Amino acid sequence: MNDTSKVLRELPGQVLAAALASRFADLQDTNIAQDSQTITSPQPTANAGRRMRAASALLRVLQARLEEGETKLTPISLIHRERLEEDEDITQEELRFAARFLGTDRPFHYEEAADGRIVSRSTAVATRLVRYDGSTADRVALTESGRSWLRITQQRDNWLFEDKEIEKLASAIANGLFDTIPQIARSNHTSLRLMAESLARALQHPKSREQNELWLSKREHYGPMMQRCETATLRALSLLSSDGIQAQFDAWSERQTVDGKITLSGLQHAVQGVHAAAERVRRLWDQLIERAPQLATSSVGSIDFTAAWRQYRKDPPSEDLDLSFLSAAFGWGDAEQVMSFLDLEGSLPVIPAHPRARRLEFHVEPDGGDEPLQSWLMRNRERVLEVLSDGEPREFFAFVDEVANGSDRPPLSGAWTTFLIPDPVGERARIRIEGTNRYEDHLSDAESIKVTAAKIRLLKGPEDHDDP
Amino acid sequence: MTPEEIGVVYNALRSQRVLYELPVRGRRRGEVEKHAMEIMANAYGRFSDLEEFLRTQGLTLIVKETIELGLPGEGMVYAIIRDPDAEPPGHLIGDQFIRRFSDARRDETAAQTAVWGIFLSLVLLQLLYTDEGRTLENVIDSSESWIDEANFLDVAHNWMEEVRKDEVPEDERRRTIYETLIGPSAAQLERRVSSFMRTLVELGVLEEIQPSETGRDEAGEVKVYRQSVWSAIDIAENFRRYAPHLIGGDPMDVMVAVGAEERPAETSGDTAEETGSAAPPVSSNYPEED
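Here the structure is a predicted model, which is why all the values come from computation and not from measurement.

A few words now on the overall build of chain B. Assigned secondary structure in chain B consists of 12 helices and seven strands. Sequence-distant contacts, at least 24 apart, represent 62% of the contacts inside chain B between residues at least 6 apart.

Structure, rendered in structure tokens:
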């Protein structure tokens with residue numbers, strides 16, 4: 001596994017953007033059947049790299065001129081002179097070829113869903129990056145698509161300015177651009193999540209040392225930037241709850257006829273999500289800074305367990321150590337040995353196979369039982385075990401049903417408990433009784449928890465221990 | 001947290017080991033878990049009572065965010081793992097692995113079961129960590145580390161072949177290892193691997209991936225597993241403490257250096273062009289990502 005982000009970071013902008021888009025172009029043009037076992041890439045020409053360099057040189061000069069405010073046609077000869085220093089071996093002919101090529105339409109096909117049907121479309125204008133004037137002179141200029149291309153290729157490592165992106169939220173709110181907020185929030189949320197993932201990876205993965213160094217080399221910027229992200233989301237939240245904005249939103253909302261889905265609470269929820277994501281980033285960042293010295297010196301690498309195995313064979317540890325590892329590495333206790341605060345144990349013959357024995361659920365909805373369930377279980381322990389020992393789980397449920405609906409209604413209070421009932425030959429049956437507390441406010445005292453629903457479930461066999 | 005709340009959370013953690021504050025795609029939360037999570041949410045940042053109680057059980061509470069575990073969605077994740085430095089109470093000391101995994105039909109001794117256990121554990125770790133380039137501390141990529149039983153069998157088979165080339169050791173302990181591993185037939189190895197995987201699924205170390213998730217047909221395909229989040233956390237936090245002897249000696253002997261293999265520019269495909277060779281066609285089995 002190599003560090004993809006490092007590769008992406010180091011590739012020249014033009015190359016990166018072209019590489020990112022290349023598969024889409026290939027997807028349309030490469031003639032491969034959908035069920036083909038092999039996906040081949042189009043064969044590049046022998047001088048593919050050089051062509052890319054010539055095209056990049058051309059665009060770079062046009063970009064420099066654009067930055068100086070010059071958007072008009074520029075002679076190829078002038079471009080050639082300007083690139084002489086860095087690309088002295090690139091000829092005027094090669095630049096001209098690049099200009100002619102990039103200036104020719106190349107239909108790009110796509111499909112869109114519109115009015116419930118799929119519409120085939122194509123664009124050519126977006127593919128023409130330059131305007132080449134070969135008829136009257138030998139000149140070239142950027143098209144609007146070309147200028148977009150340059151903007152895209154400059155989008156690198158934008159986390160540096162993520163706070164500015166988040167500030168768009170407050171700006172959109174203050175200016176009443178409510179329909180833009182969901183998209184801005186989604187985009188920022190995603191960015192922050194990726195940033196958090198990158199930080200989490202840096203903390204766990206010494207392979208990310210270079211990424212760590214990059215983070216840390218700009219720590220004076222990143223730290224405050226992350227703080228500003230949080231502040232920006234707080235400001236946006238505060239604005240959203242202000243009377244002025246609420247009135248503005250109501251007025252805006254009344255004018256909306258098309259998209260009635262945007263609500264103020266929905267916007268608040270979206271911005272709260274961004275705020276939580278910003279908080280998370282800042283927490284992980286703090287951890288990274290705290291652990292920076294340790295991460296910088298920690299050993300880098302994964303363990304070669306084949307070598308560890310060879311070493312084990314050559315010089316094995318004691319059997320006790322092996323056993324201790326096997327106990328420790330694979331957890332504790334049997335899965336069915338769920339300990340509760342109330343365990344009832346007794347003997348039980350193997351429960352015969354029964355269609356209902358694998359998992360039976362029994363729901364009781366008492367009207368506000370308020371005695372502790374566990375107390376009920378304790379009081380009825382003998383009876384429960386007696387019924388169980390009859391070997392028919394059906395009878396047990398019938399029994400509970402009878403009690404639940406009879407005069408001796410089980411109170412169904414308390415948390416839940418698990419019976420572990422081993423029999424002499426090692427088979428186990430478990431009964432888990434779960435009480436669900438849905439009214440936490442009603443906790444009366446330290447001894448009981450009120451519940452409003454209970455599941456009584458018989459589980460048989462260790463493989464059946466998970467909740468559904 | 002009140003004693004009752006601690007009891008509720010403890011029960012849930014003991015039975016499930018990992019609890020999720022919010023739903024995570026592909027995983028259903030039971031009522032028990034939701035209830036425990038409500039308690040944890042209300043007590044957020046005030047877990048000292050719970051932690052103290054867990055310490056008496058030789059357990060440690062680990063609090064992470066889903067993002068740190070490489071899981072989709074958001075929210076907190078709570079896990080308990082053994083604290084190898086603490087003496088756990090009796091009910092937590094188990095020989096559950098040995099009991100489940102030992103081959104009763106062959107009157108296997110505990111020593112032989114332990115050899116099988118260590119052998120297959122190291123194969124597992126090779127596939128989950130070494131082959132994936134994961135450090136022991138890496139939890140974030142655990143859900144992507146899929147292993148299939150056929151591949152596991154191949155590696156185990158190759159390692160056994162290596163043992164067969166060894167000379168018969170004189171030392172008793174080494175001879176036990178040697179004799180345990182040179183005997184079994186391919187079919188026996190297959191059964192043993194199946195039993196190992198099944199045991200680890202039962203003990204919550206591995207999760208079997210359903211055919212619907214792998215995209216393979218249900219019938220006739222080998223089983224595919226992934227490491228559980230709990231196991232990834234446990235290894236990240238504990239492995240160096242409870243198994244230093246397995247990676248002991250000179251760490252450099254068993255460490256795969258990272259810097260040497262990290263050549264992003266070359267691996268992006270430029271090398272082939274520089275040497276003038278044609279770029280190889282990309283097969284449907286995509287190579288490892290750059």
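So, next bit.
When helices and strands are counted, chain A shows 17 helices and 10 strands. Going through the 468 residues of chain A one by one, you find that 31% of them count as buried. In chain A, 70% of the contacts between residues at least 6 apart in sequence involve partners at least 24 apart.

Attention shifts here to the nonpolar core. General note: in soluble globular proteins, nonpolar side chains tend to be found buried as a group. L169(A), L199(A), V281(A) and V123(B) are the most contacted members of the largest nonpolar core, which totals 112 residues. The greatest single-element share of this core, amounting to 13 residues, is contributed by helix α5 (residues 110–130) of chain B. Dropping the residues within four chain positions of it, L169(A) is found in contact with I181(A), I184(A), A185(A), A232(A), T233(A), A236(A), V271(A) and V274(A).

Here we take up the packing of helix α3 (residues 48–67) of chain A against helix α5 (residues 92–102) of chain A. Axis angle and axis distance: for two packed helices, these are the angle between their axes and the distance between the axes, and together they describe the pair. Residues and elements named next belong to chain A. Orientation of α3 relative to α5, taken along the N-to-C sense of each, is 80°, at an axis distance of 9 Å. Considering the angle they form, α3 stands roughly perpendicular to α5. Between α3, through R51, A54, A55, A57 and L58, and α5, the contact on the second element is made entirely by E94, L95, A98, A99 and L102. In terms of residue class, the contact of α3 with α5 is made up of eight nonpolar, no polar and two charged.

This part covers the confidence of the model for chain A. Residue and element names in this part refer to chain A. Averaged over chain A, the pLDDT score is 71; the fraction of residues at 70 or greater is 64%. Taken element by element, chain A is modelled with least confidence in strand β7 (residues 359–364), mean pLDDT 33, and with most confidence in α5, mean pLDDT 93. A low-confidence stretch, residues 333–375 stays under pLDDT 50, and its non-local contacts, those more than four residues away or across chains, total 111 contacts. Every residue in residues 391–468 scores below 50 in pLDDT, and together they form 180 contacts with partners more than four places removed in sequence or on other chains.

Structurally, L124(B) can be placed in helix α5. Note: C-alpha distance between L124(B) and M197(B) (73 residues apart in sequence) is 9.5 Å.

Attention now goes to the sheet that holds strand β4 (residues 130–133) of chain A. Residues and elements named next belong to chain A. Strand order in this open sheet of three strands is β1-β5-β4, and the pairing throughout is antiparallel. Of all the strands in the sheet, just β1 (74–75) and β4 have a single pairing partner and so form its edges. Summarising the sheet, β4 and strand β5 (residues 139–142) pair through four bridges and their orientation is antiparallel. Counted as the bridge partner of R131 is A141 from β5.

This brings us to the sheet that holds strand β4 (residues 146–148) of chain B. Residue and element names in this part refer to chain B. In space, the three strands of this open sheet follow the order β4-β6-β5, with antiparallel pairing throughout. Every other strand in the sheet has two partners, leaving β4 and β5 (206–209) as the edge strands with one partner each. Mean inter-strand twist for the sheet, computed between neighbouring axes without regard to direction, equals 35°.

Before going further, it helps to examine the environment of S148(A). Positionally, S148(A) belongs in helix α6 (residues 144–153). Separated by 22 residues in the primary sequence, S148(A) and A126(A) place their C-alpha atoms 9.3 Å from one another.

Residues and elements named next belong to chain A. Little of strand β2 (residues 108–114) is tucked away, with zero of its seven residues classed as buried. Judged from the seven bridges that link them, β2 and strand β3 (residues 117–123) form a sheet pairing that is antiparallel. Counted as the bridge partner of F108 is T123 from β3.

All names here are of chain A. At a minimum axis distance of 8 Å, the contact between helix α7 (residues 162–174) and helix α10 (residues 219–240) shows a crossing angle of 10°. Put simply, α7 runs roughly parallel to α10. In contact with E162, D163, I166, E167, L169, A170, I173 and A174 of α7, α10 contributes M225, R228, C229, A232, T233, R235, A236, L239 and L240. Residue classes in the contact of α7 with α10 are distributed as 11 nonpolar, one polar and five charged.

Our focus in this paragraph is helix α13 (residues 305–314) of chain A. For α13(A), the full list of buried residues reads F305(A), T306(A), A308(A), W309(A) and Y312(A). Around the axis of α13(A), the buried residues are gathered within 160° of arc, so they sit on the same side.

The next point concerns unusual backbone geometry. The backbone phi angle of D115(A) is positive, close to 50°, even though this residue is not glycine. Here D115(A) lies in the loop between β2 and β3. Classification of D115(A) as exposed rests on a count of 5 C-beta atoms within 10 Å. In the Ramachandran plot, R17(B) falls in the positive-phi region, its phi being about 70° despite a non-glycine side chain.

The subject of this paragraph is α6(A). Residues and elements named next belong to chain A. Buried residues of α6: G146, W149 and L150, and no others. Buried residues of α6, viewed axially, fall in a sector of 95°; they line one side. Along α6, the residues that are exposed and aim more than 90 degrees away from the buried face are E144 and R151. Residues of α6 that are buried in the fold lie against α3, β4 and β5.

What follows concerns the environment of A232(A). Residue and element names in this part refer to chain A. Within the fold, A232 resides in helix α10. Classification of A232 by C-beta neighbours within 10 Å gives buried; the count is 25. Residues A232 and K168 lie 64 residues apart in sequence; the distance between their C-alpha atoms is 8.8 Å. If sequence neighbours within four positions are ignored, A232 has contacts with D163, I166, E167, L169 and A170.

The next thing to look at is the confidence of the model for chain B. The predicted model of chain B has a mean per-residue pLDDT of 77, with 78% of residues at 70 or higher. Counting contacts from residues 256–290 of chain B, a segment whose pLDDT is below 50, to residues more than four positions away or on other chains yields 45 contacts.

The rules behind these values
- Residues numbered from 1 in each chain as written.
- Chains lettered and ligands numbered in written order.
- Predicted model: local features only at pLDDT ≥ 70, side-chain atom pairs only at ≥ 80, totals over all residues.
- Helix = DSSP H or I, 4+ residues; strand = E, 2+ residues; numbered from the N terminus.
- Contact = placed C-beta atoms within 7 Å.
- Buried ≥ 20, exposed ≤ 12 C-beta atoms within 10 Å, placed from the backbone.
- Core = buried A, V, L, I, M, F, W, Y, C linked by C-beta atoms within 7 Å.
- Axes fitted to C-alpha atoms, helices over the stretch in contact; angles between N-to-C directions.
- Parallel < 35°, antiparallel > 145°, perpendicular 65-115°, else oblique.
- Nonpolar A, V, L, I, M, F, W, Y, C, P; charged D, E, K, R; others polar.
- pLDDT = per-residue confidence, 0-100.
- Pairing = 2+ DSSP bridges.
- Arc of directions from axis to C-beta.

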